[in-house]
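Reading the structure
Single-letter residue listing:
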Amino acid sequence: METKLKESLQQLRSNLESSGPVDEELQGLLQKLDGDIHLLLEKRAALEAQESQEEESTTYGLAERSQELSAQFAVKHPKLEPALRELGEILANMGI
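1. Side note on the overall build of the protein
Looking only at helices and strands, one finds four helices and zero strands in the protein. Going from N to C terminus, the protein has its helices and strands arranged as α-α-α-α. Residue burial in the protein is summarised as follows: out of 96 residues, 35% are buried. Long-range pairs, those at least 24 residues apart, make up 75% of the contacts in the protein with a sequence separation of at least 6. Accessible surface, the protein as shown: approximately 6000 Å² in total, 49% of it carbon and sulfur.

2. Considerations on the confidence of the model for the protein
The predicted model of the protein has a mean per-residue pLDDT of 76, with 90% of residues at 70 or higher. Element-level mean pLDDT values for the protein span from 77 in helix H3 (residues 62-76) up to 82 in helix H2 (residues 24-49). In the predicted structure, residues 52-58 sits below a pLDDT of 50 and forms seven contacts with residues beyond four places in sequence or in another chain.

3. Things to note about the side chain of Asp36
Tracing the chain through its elements places Asp36 in helix H2. Taking the relative accessible area as the measure of exposure, Asp36 reaches 19% and is therefore buried. Not counting chain neighbours up to four residues away, the residues in contact with Asp36 comprise Leu62 and Arg65.

4. What to know about the nonpolar core
Within the largest apolar cluster, 23 residues are counted, with the highest numbers of intra-cluster contacts made by Leu5, Ile37, Phe73, Leu84, Leu87 and Leu91. Only helix H1 (2-18), H2, H3 and helix H4 (81-93) provide two or more residues apiece to this core. With six residues, the top contributor of residues to this core is H2. Beyond its immediate sequence surroundings of up to four residues, Leu87 is in contact with Leu5, Ser8, Leu9, Leu12, Leu33, Ile37 and Ser66.

5. A word on the environment of Glu2
Position of Glu2 among the secondary structure elements: in helix H1. With relative accessibility at 26%, the residue Glu2 sits in the partly exposed group. Taking C-alpha positions, Glu2 is 8.7 Å from Ile90, a pair spaced 88 residues apart along the chain. Among residues more than four places away in sequence, those in contact with Glu2 are Leu41, Arg44, Glu48 and Met94.

Parameters and conventions
- Residues numbered from 1 in each chain as written.
- Predicted model: local features only at pLDDT ≥ 70, side-chain atom pairs only at ≥ 80, totals over all residues.
- Heavy atoms only, no water.
- Helix = DSSP H or I, 4+ residues; strand = E, 2+ residues; numbered from the N terminus.
- Buried < 20%, exposed > 50% of the residue type's maximum accessible area, 1.4 Å probe, protein only.
- Contact = heavy atoms within 4.5 Å.
- Areas by Shrake-Rupley, 256 points an atom, 1.4 Å probe, with all protein chains shown as cover.
- pLDDT = per-residue confidence, 0-100.
- Core = buried A, V, L, I, M, F, W, Y, C linked by side-chain atoms within 4.5 Å.

In structure tokens, the structure reads:
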């Protein structure tokens, strides 16, 4: 599942680069979401290495944030919206 998430993030980055300029607010929101997802993956890897089942509550809500961004991009950048929607579905399937 994490591989699919990473692939989806890469696809989103590629689509973003080829879609033309994105307003500063949406760019910032995407960067924050990307950083939070990478942080989550690092924490999960560390937890698995420690064989611990604890997760911090700050990692939850990423799927919802992805869906909100998807709605914003649907209006201004319709080519990016499908990649964001897929990202949100992957996160939701991972329980994030």
